[in-house]
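Tertiary structure, described
One-letter residues, chain by chain:
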Amino acid sequence: AEYEDWQLRRLSVKPGITCTWQIIPNRNDVVFEKWMKLDMEYIDKWSLKSDWQLFFKTIKSVIINRGY
């Protein structure tokens, strides 16, 4: 009920194990609207290749303990 219409599209995609938000610098300071826009961009540009890139960037972020 709190989502705006454009944000509801995000709920049409199954959640994954990572997202673009998790690999950006200062990810804990990202406001909700920016987070939603990153998710919409991911949905619009999805490909298997981009998923693999995101996966490996996430591993790198975890290892170095910060955003990509």
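As shown above, the structure is provided for reference.
Residues numbered from 1 in each chain as written. Predicted model: local features only at pLDDT ≥ 70, side-chain atom pairs only at ≥ 80, totals over all residues. Heavy atoms only, no water.

On to unusual backbone geometry, then. A positive phi angle, close to 55°, is found at Asn 26, a residue other than glycine. Looking at where Asn 26 falls in the secondary structure, it is placed in the segment before α1 (32-44). For Asn 26, a relative accessible area of 58% gives the class exposed. (Helix = DSSP H or I, 4+ residues; strand = E, 2+ residues; numbered from the N terminus. Buried < 20%, exposed > 50% of the residue type's maximum accessible area, 1.4 Å probe, protein only.)

Looking now at the packing of aromatic side chains. One pair of aromatic rings is described through two measures. These are the centre distance and the angle between the planes. Within the structure shown, the criterion is met by six aromatic pairs. Aromatic pair Trp 52 and Phe 56: ring centres 5.8 Å apart, planes at 25°, arrangement stacked. Taken together, the residues Trp 52 and Phe 56, both in helix α2 (residues 48-64) and four residues apart, mark about one turn of the helix. Take Trp 52: its relative accessible area is 48%, and that puts it in the partly exposed class. Here the aromatic cluster, defined as three or more aromatic residues joined through ring pairs, consists of Tyr 3, Trp 21, Phe 32 and Trp 35. (Phe/Tyr/Trp six-rings, centres within 6.5 Å; stacked < 30°, edge-to-face > 60°.)

Topologically, Ser 61 is positioned in helix α2. Remark: the alpha-carbon pair of Ser 61 and Pro 25, spanning 36 residues in sequence, is separated by 9.4 Å.

Side chains of residues three or four places apart in an α-helix project in the same direction, reflecting 3.6 residues per turn. Given a rise of 1.5 Å per residue, 17 residues ought to cover 24 Å, and the 25 Å separating the end C-alpha atoms of α2 matches this to within 8%. Three or more residues of α2 are buried, namely Leu 54, Thr 58 and Ser 61. Viewed end-on, α2 has its buried residues packed into an arc of 65°, placing them on one side of the element. Opposite the buried face of α2, by more than 90 degrees, sit the exposed residues Leu 48, Lys 49, Phe 56 and Ile 63. On the buried face of α2, the contacting elements are α1. One or two residues past the end of α2 sits Asn 65, with phi positive at roughly 60°. (Expected span 1.5 Å × (residues − 1). Arc of directions from axis to C-beta. Contact = heavy atoms within 4.5 Å.)

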